[in-house]
Amino acid sequence: MAASKKIQVYDTTLRDGLQSEDVSLTVEDRLTIAARLDDMGFDYIEGGWPGSNQRDAEFFDRVGKLRLRHARICAFGSTRRASVKAAQDRNLALILRSGAPVATVVGKTSELHVREALRIPFAQNLEVLHDTISYLKKHLEKVILDAEHYFDGLALNRDYTLACLKAAADAGVDLICLCDTNGGRLPFEVAEGVRAAQSAVGCPLGIHCHNDSEVAVAATLEAVRAGAVQVQGTINGLGERCGNANLISVIANLQLKMNYQCLPPGKLARLRELATLVNELANLTPWPRQPYVGRSAFAHKGGLHVSAIQRNTRTYEHIDPAAVGNDRRVLLSELAGQSNIVYKAREFGLEVQAGDPRIGVLLKELKRLEAAGYAYDGADASFELVMLRALGQERQHFGLVSFRVFDDKWNEDQEPLSEAIVIIEGPDGRRTRNSAIGNGPVNALDSALRKSLVPYYPGLSSMQLADYKVRVLDTGVGTGARVRVLIESTDGKRRWTTVGVSANVIEASWQALVDSVEYKLHRDRAKAKLNARQPGSSAKAAAESNGTPRAGL
Ligand SMILES: [Zn+2]
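The shown structure was predicted, so the numbers you read here are calculated from the model rather than taken from an experiment.

Caption draft 1: Expanded view of the overall build of the protein chain. When helices and strands are counted, the protein chain shows 18 helices and 18 strands. Along the three orthogonal principal directions, the C-alpha set of the protein chain runs to about 90 × 60 × 60 Å. By residue count, 51% of the 553 residues in the protein chain fall in the buried class. Considering only contacts in the protein chain between residues 6 or more positions apart, those separated by 24 or more positions represent 68%. Entry remark: accessible area of the protein chain is about 25700 Å², with carbon and sulfur atoms responsible for 49%. Side chains of the protein chain give 69 positive and 65 negative charges; the mean places of these two sets differ by 5 Å.

Have a look at this one:
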C-alpha cells in the first residue's frame, strides 16, 4: 500500500468547544487537555482568545511551561478593526503578546456579513484581511485564516468570497480554513466549495464544520477528499448549538478507512481514553451511542449476532474495537441465547460447552430474574454470580441474620441521620452484631456490613461504593412501584456493578450490596488460587482470601 498522506489535525475544543452551553473548564483542565492532545500527536491546539477573558489569558501564560513536544499552540482572534491599522489594533497586539507561535484569525468572507455585520464597503474588507495577515506574518511562525461563512458566501456571491481568499493568499497566509459557520451545508456542497477555493488560491486549505445538519464529520471527510489538508474540530463534537465536527470520528474515519495519517503510529488506540478524559473534565455524561468510542459502540445483544461474532468478529463489527481503544461487549438479556452465555462464561474464565444442560437451567433462571425486573446489561458482576450459582460453583462467604435501618430527623433544617445494625453469621459459624451511622441508609448499611466482614476478609477494606443509581420499574403505581438499584464498586484497581430489585429501596440496595461484596471475595479468591499455582506466591494471602478466619477471631 502506498504511504498514507498526512492530514493536519487542528483541535479547537478549548475555544469553539467551550462555546457549548453546558461546558466550562478551569485553566488547570485546559492545560491537562492540551498536554494530552500534544501527547496524542495533534498538530495544532487552539487555546482561546487571549484578549477575551482572564482564563484564556492565563492559559497562554502557563501553556508555555508545559514544553509541548509536537503541537503548536494557536491564539485566536478576529481581523483588525476597520478603523485602525493592524499595528494599532489592540486585539492583534494581545495575540502577539500571548506568546503563541501561530495566530488563527477569523475574517469575513461572505458579502452578507460584510454588509450587515461590519457595515463597510466590500473593498475595505479586502484591505482588512490583507493588512491583518501581512502584519501578523511579520511577527509569527504561522498565520491561519478562518474564512467565516465561506460556503454560505460562495452561494451568495461567489466572486466576492473568492476575492476575500485571494486577498489573504496575497498577504502570505499559511493556510485558509474554510468554515461552514452555520453548519447548514451538506457534504457535496462542501466538496464543491473546496474545489472552488482551490481554483482561486494556491495556498493549503483546511476545513471547519459545524454539526447543525448532523453531517459535520461527513462534510469534513468530503473536504479532505476534495483536497483540504487540515481538519478542524473538537473532541466529542463539543461546541455551541449542535456542536463542531467531532475529531474523534474524523480521525478514526480518515485513518482507518481512507488511508490518511492523522496521528503518529500507536496513538489511534488511545482515542477512547482521550474522549473519556474530556467528558470527565467537562463533567459530561458520556454518550453511550457515540460512534467508535461509546460504551455501546461494539455491544452485541441479539443471540444470532453473538454466535456470528464468535466465529468471526467482522460479521457484525465495522472495525476492530481495539483499534480505537474500545471493547467488545456481549450483553445479556431476554434475547440471550446459548451462545451469549457460553461467550460470557468464557470471558469469566468458566469452562462450559454449548449443549451443557446447566446452560438450559441458567437461561431459565435468567428469564425468571429478568421478568422480575433484574437487568444484567449493566451489571456484569451480579450476572457472574448468577452464573456461578447455576454452575454450582458459587460459595457463600457469610449469611445474613438480620438488619435494621433507622432514619432520624428532628427538625426541618436538620439533615436526617441514618443508622444501621447488621447481624451476620461468619464463615466460622459465629454471629456478630455491628452498627454504623451514615449520611443515608445505604451508606450506613454498607459501613455496618463491612465492619462485620473485614475481620474475616481484610481485602474488603480497600473496597468503596463508587456510584449508586435507582430506577423506578413500574411507573404509574406511585410509591408502591418496584425499583432497580445499581451499585458500582471499586477496590482501586477494578470497578464492578451489581443489581438489586424490590418494592423496597433498602432491600434492593441490600441485594446489590451483598452481590458487590460476594463478587469482590469471589474475584480475590480466584486471583489467590491463580497466584498459588505460580511460584513465589504468598500462601497467607491465599488463605485469607479463601475465607479461612484469621487466628484469634
Ligand atoms: Zn466554529
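So much for the structure itself; the text now carries on.
Caption draft 2: Local environment of the coordination of the zinc ion. With distances of 2.0 to 2.2 Å, the protein atoms coordinating the zinc ion are Asp 16 (OD), His 208 (NE2) and His 210 (NE2). Of the residues examined, His 210 reaches a relative accessible area of 5% and is grouped as buried.

Caption draft 3: Structural context of a nonpolar patch on the surface. A cluster of nonpolar residues, Tyr 468, Val 470 and Val 505, forms a patch on the protein surface that exposes about 230 Å² of accessible area. For Val 470, the location among the structural elements is in strand β16 (residues 464-472).

Caption draft 4: The arrangement of the pattern of salt bridges in detail. One pass over the structure, following the stated rule, counts 37 salt bridges. Arg 80 is the partner of Asp 131 in a salt bridge, and the nearest nitrogen-oxygen pair spans 2.6 Å. Of this pair, Asp 131 sits in helix α5 (residues 122-139) while Arg 80 sits in the loop between β4 (72-78) and α3 (90-97), placing them 51 residues apart in sequence. As far as burial versus exposure is concerned, Asp 131 and Arg 80 are alike and both buried.

Caption draft 5: Summary view of the sheet that holds β16. In spatial order, the strands read β16-β17-β18; together these 3 strands make up an open sheet with antiparallel pairing. Strand pairing shows two members of the sheet lacking a second neighbour, β16 and β18 (495-502), which therefore form its edges. Put simply, the sheet's adjacent strands are angled 20 degrees from each other on average, direction ignored.

Caption draft 6: Spatial organisation of the environment of Arg 433. Relative to the helices and strands, Arg 433 is located in strand β15 (residues 431-438). C-alpha of Arg 433 to C-alpha of Glu 412: the two residues are 21 residues apart in sequence and 32 Å apart in space. In this structure Arg 433 touches Ile 421, Val 422 and Ile 423, once residues within four positions along its chain are discounted.

Caption draft 7: Seen up close, helix α8 (residues 187-200). With 14 residues, α8 should cover 20 Å at 1.5 Å per step; its first-to-last C-alpha distance of 20 Å lies within 8% of that length. Every buried residue of α8 is listed here: Pro 187, Val 190, Ala 191, Gly 193, Val 194, Ala 196 and Ala 197. Where α8 is buried, its residues contact α6 (150-156), α7 (158-170), β7 (175-180), β8 (205-209) and α9 (216-226).

Caption draft 8: Layout of the environment of Met 40. Structurally, the position occupied by Met 40 is in helix α1 (residues 27-40). Once the C-alpha coordinates of Met 40 and Gly 266 are considered, the two residues, 226 residues apart in sequence, prove to be 9.1 Å apart.

Caption draft 9: How the structure looks around the packing of aromatic side chains. Under the defined criterion, the tally for this structure stands at 10 aromatic pairs. A ring pair is formed by Trp 49 and Phe 76, whose centres lie 5.0 Å apart and whose planes are at 75 degrees; its orientation type is edge-to-face. With Trp 49 in the loop between β3 (44-48) and α2 (54-63) and Phe 76 in strand β4, this residue pair connects regions lying 27 residues apart in the sequence. Ring-pair connections join several aromatic residues into one group, and the members of that group are Tyr 374, Tyr 376 and Phe 383.

Caption draft 10: Molecular detail of the sheet that holds strand β2 (residues 8-11). The parallel closed barrel is built from 8 strands, whose spatial order is β2-β3-β4-β5-β6-β7-β8-β9. Each strand of the sheet is rotated relative to its neighbour by a mean of 25 degrees, with strand direction disregarded. In this sheet, β7 lies alongside strand β6 (residues 142-148) in parallel orientation, the contact comprising 4 bridges. For Leu 145, the partnering residue across the bridge sits in β7 and is Ile 176. Those strands touched by α7 are β5 (102-108), β6 and β7, and its axis lies near 155 degrees from that of β7.

Caption draft 11: Here's a closer look at the confidence of the model for the protein chain. Averaged over every residue, the pLDDT of the protein chain is 90; residues scoring 70 or more account for 94%. In this model residues 536-553 is a low-confidence stretch, pLDDT under 50, and it forms 25 contacts with partners more than four residues away in sequence or in other chains.

Caption draft 12: How the structure looks around the nonpolar core. In this structure, Phe 42, Tyr 150 and Ile 176 are the most contacted members of the largest nonpolar core, which totals 93 residues. A per-element tally of this core places α9 first, with 7 residues. Filtering out sequence-adjacent residues up to four positions away, Tyr 150 remains in contact with Thr 109, Thr 161, Leu 162, Leu 165, Leu 178, Cys 179, Gly 193, Ala 196 and Ala 197. Judged by nonpolar contacts, the second largest core, of 51 residues, contains Ile 359, Tyr 457, Trp 510 and Tyr 519.

Caption draft 13: Main features of helix α13 (residues 338-347). Burial of α13 is extensive: 7 of the 10 residues sit out of reach of the surface. Taken together, the buried positions of α13 are occupied by Ser 339, Asn 340, Ile 341, Val 342, Tyr 343, Lys 344 and Ala 345. Looking at the residues trailing α13, positive phi occurs at Gly 349, about 85 degrees.

Caption draft 14: Representation of unusual backbone geometry within the structure. One non-glycine residue, Asn 236, lies in positive phi territory at about 65 degrees. Exposure remark for Asn 236: the relative accessible area of 14% places this residue in the buried category. Not every positive phi belongs to a glycine, and Asn 283 is a case in point at roughly 60 degrees. If you trace the backbone, Asn 283 turns up in the loop between α11 (271-282) and β11 (299-300). A residue is classified by how much of its surface remains accessible, and Asn 283, at 70% relative accessible area, is exposed.

Caption draft 15: The arrangement of the pairing of β7 in detail. Where burial is concerned, most of β7 is hidden: 6 out of the 6 residues are buried. Going residue by residue along β7, you find Leu 175, Cys 177 and Cys 179 tucked away on one face and Ile 176, Leu 178 and Asp 180 tucked away on the opposite face as well. Handedness of the crossover is the feature at issue here: the chain leaves β7, passes through α8, returns alongside β8, and the resulting connection is right-handed.

Caption draft 16: Layout of the packing of α1 against α11. It is the contact of α1 with α11, at a shortest axis distance of 11 Å, that shows an interaxial angle of 170 degrees. By the angle class used here, α1 and α11 are roughly antiparallel. Here α1 contributes Asp 29, Thr 32, Ile 33, Arg 36, Leu 37 and Met 40 to the contact with α11, which in turn contributes Leu 271, Glu 273, Leu 274, Leu 277, Val 278 and Leu 281. Tallied by class, residues from the contact of α1 with α11 come to 8 nonpolar, 1 polar and 3 charged.

Quick notes on the rules
Residue positions within a chain follow its written sequence, with the count starting from 1. Reporting in this predicted model follows two pLDDT cut-offs: at least 70 for local features of residues, and 80 or more for side-chain atom pairs to be given and counted; totals over whole chains, interfaces and linings ignore these cut-offs and use all residues. Side-chain measures here rest on the full set of heavy atoms in the structure, leaving out hydrogens and waters. Put simply, DSSP H or I for four residues or longer makes a helix, DSSP E for two residues or longer makes a strand, and each gets a number counted from the N terminus. Burial here depends on accessible area, computed with a 1.4 Å probe over protein chains only, as a share of the maximum for the residue type. Under 20% is buried, over 50% is exposed, and the range in between is partly exposed. Should any heavy atoms of two residues lie within 4.5 Å, those residues are counted as being in contact. Residue burial considers only the protein chains on display, and all accessible areas are found by Shrake-Rupley using a 1.4 Å probe. Neither His nor the chain termini are counted; the positive set is Lys and Arg, and the negative set is Asp and Glu. Each charge is placed at NZ for Lys, CZ for Arg, CG for Asp and CD for Glu. A donor here means any N, O or S atom no more than 2.8 Å from the metal (3.2 Å for Na, K and Ca); water is not included, so a site may seem to lack partners. Without a salt bridge and with relative accessible area above 30%, a residue can belong to a patch; like charges are then joined within 9 Å and nonpolar side chains (Val, Leu, Ile, Met, Phe, Trp, Tyr) within 5 Å. Just to be clear on terms, a salt bridge is a Lys or Arg side-chain nitrogen sitting within 4 Å of an Asp or Glu carboxyl oxygen. Strand pairing is assigned whenever DSSP identifies at least 2 bridges connecting the two strands. To get an axis, fit a line to the C-alpha atoms, keeping to the stretch in contact for a helix; angles then go from 0 to 180 degrees between the N-to-C directions. To estimate the expected span of a helix, count its residues, drop one, and scale the result by 1.5 Å. Working definition: a ring pair exists when centres of Phe, Tyr or Trp rings (six-membered ring for Trp) sit within 6.5 Å. Plane angles under 30 degrees give stacked, over 60 give edge-to-face, the rest tilted. Across the chain, each position has a pLDDT score giving the predictor's confidence in that residue, from 0 to 100. In this description, a nonpolar core means a group of buried Ala, Val, Leu, Ile, Met, Phe, Trp, Tyr and Cys residues linked to one another through side-chain atoms lying within 4.5 Å. For crossovers, right-handed means that the path from the first strand over the helix to the second runs clockwise, given strands pointing away from the viewer. Oblique is the label for any angle not covered by the other classes, which are roughly parallel (under 35 degrees), roughly antiparallel (over 145) and roughly perpendicular (65 to 115). Amino acids outside the nonpolar list (Ala, Val, Leu, Ile, Met, Phe, Trp, Tyr, Cys, Pro) and the charged list (Asp, Glu, Lys, Arg) are all regarded as polar, and Gly is one of them.

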